[in-house]
Amino acid sequence: QVQLAESGGGSVQAGGSLRLSCAASGRTFSSYAMGWYRQAPGKEREFVAGITVSGGSTAYGDFVKGRFTISRDNAKNMVYLQMNSLKPEDTAIYYCNTAYSSSKLTWGQGTQVTVSS
């Protein structure tokens, strides 16, 4: 079973940047399309970005609007989310998990992102 561990969150001012990392254990990681999700207090978890197995295709939530970039390194079992031009409404806990599938791995602890105005 693949285990997920997110890191890289923090507190930044509006307009700042953060790079989130997701480390996955297990040899089957490279067989999953992966994605980033977020959950703000009192809100449902929502899709942020997804990337195919090869990394050749990506997709983003409408609210991203060119500010975020998802990438992966299958050799290192890593998925990344580069976030630029952060807004206060991006404040949430960010998680990685499989994308484009209803089958999900066990959720990790997530990483907190706080954006102040």
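The structure under discussion appears in the preceding block.
All of these numbers come straight from a predicted model, not from anything done at the bench.

### Points about the nonpolar core
Ranked by internal contacts, the top residues of the largest apolar core, which has 27 residues, are Leu4, Trp36, Val48, Phe68, Leu81, Met83 and Tyr94. Contributions of two or more residues to this core are made by β3 (18–24), β4 (34–39), β5 (46–51), β7 (68–73), β8 (78–83), β9 (92–98) and β10 (111–116). Looking at which element gives the most residues to this core, the answer is β3, with four residues. Not counting residues up to four positions away in its chain, the partners in contact with tyrosine 94 are Glu6, Leu20, Trp36, Tyr37, Arg38, Val48, Phe68, Leu81, Met83, Gly110, Thr111 and Val113.

### As for the pattern of salt bridges
Scanning all chains against the criterion turns up three salt bridges. Arginine 38 is the salt-bridge partner of glutamate 46, the closest N and O atoms lying 2.7 Å from each other. Look at glutamate 46 and you get partly exposed, because its relative accessible area is 33%. On the accessibility criterion, arginine 38 (6% relative accessible area) is buried.

### Points about the sheet that holds β7
Strand pairs in the sheet, formed through backbone hydrogen bonds, run parallel or antiparallel to each other. The strand order β1-β3-β8-β7 describes an open sheet built from four strands, whose pairing is antiparallel. Single-partner strands in this sheet number two, and they are β1 (4–7) and β7. Across this sheet, the average inter-strand angle for adjacent strands is 15°, counted without regard to direction. Of the pairings in the sheet, the one linking β1 to β3 comprises four bridges and is antiparallel in character. Counted as the bridge partner of glutamate 6 is cysteine 22 from β3.

### Describing the side chain of arginine 67
Topologically, arginine 67 is positioned in the loop between β6 (58–60) and β7. The class for arginine 67 is buried, based on a relative accessible area of 8%. A polar atom in the side chain of arginine 67 sits 3.0 Å from the backbone oxygen of serine 85. Not counting residues up to four positions away in its chain, the partners in contact with arginine 67 are Gln82, Met83, Asn84, Ser85, Leu86, Lys87 and Asp90.

Definitions and cut-offs
Residues numbered from 1 in each chain as written. Predicted model: local features only at pLDDT ≥ 70, side-chain atom pairs only at ≥ 80, totals over all residues. Heavy atoms only, no water. Core = buried A, V, L, I, M, F, W, Y, C linked by side-chain atoms within 4.5 Å. Buried < 20%, exposed > 50% of the residue type's maximum accessible area, 1.4 Å probe, protein only. Helix = DSSP H or I, 4+ residues; strand = E, 2+ residues; numbered from the N terminus. Contact = heavy atoms within 4.5 Å. Salt bridge = Lys/Arg side-chain N within 4 Å of Asp/Glu carboxyl O. Pairing = 2+ DSSP bridges. Axes fitted to C-alpha atoms, helices over the stretch in contact; angles between N-to-C directions. Polar contact = N/O pair within 3.5 Å; in protein donor to acceptor, adjacent residues only side chain to side chain.

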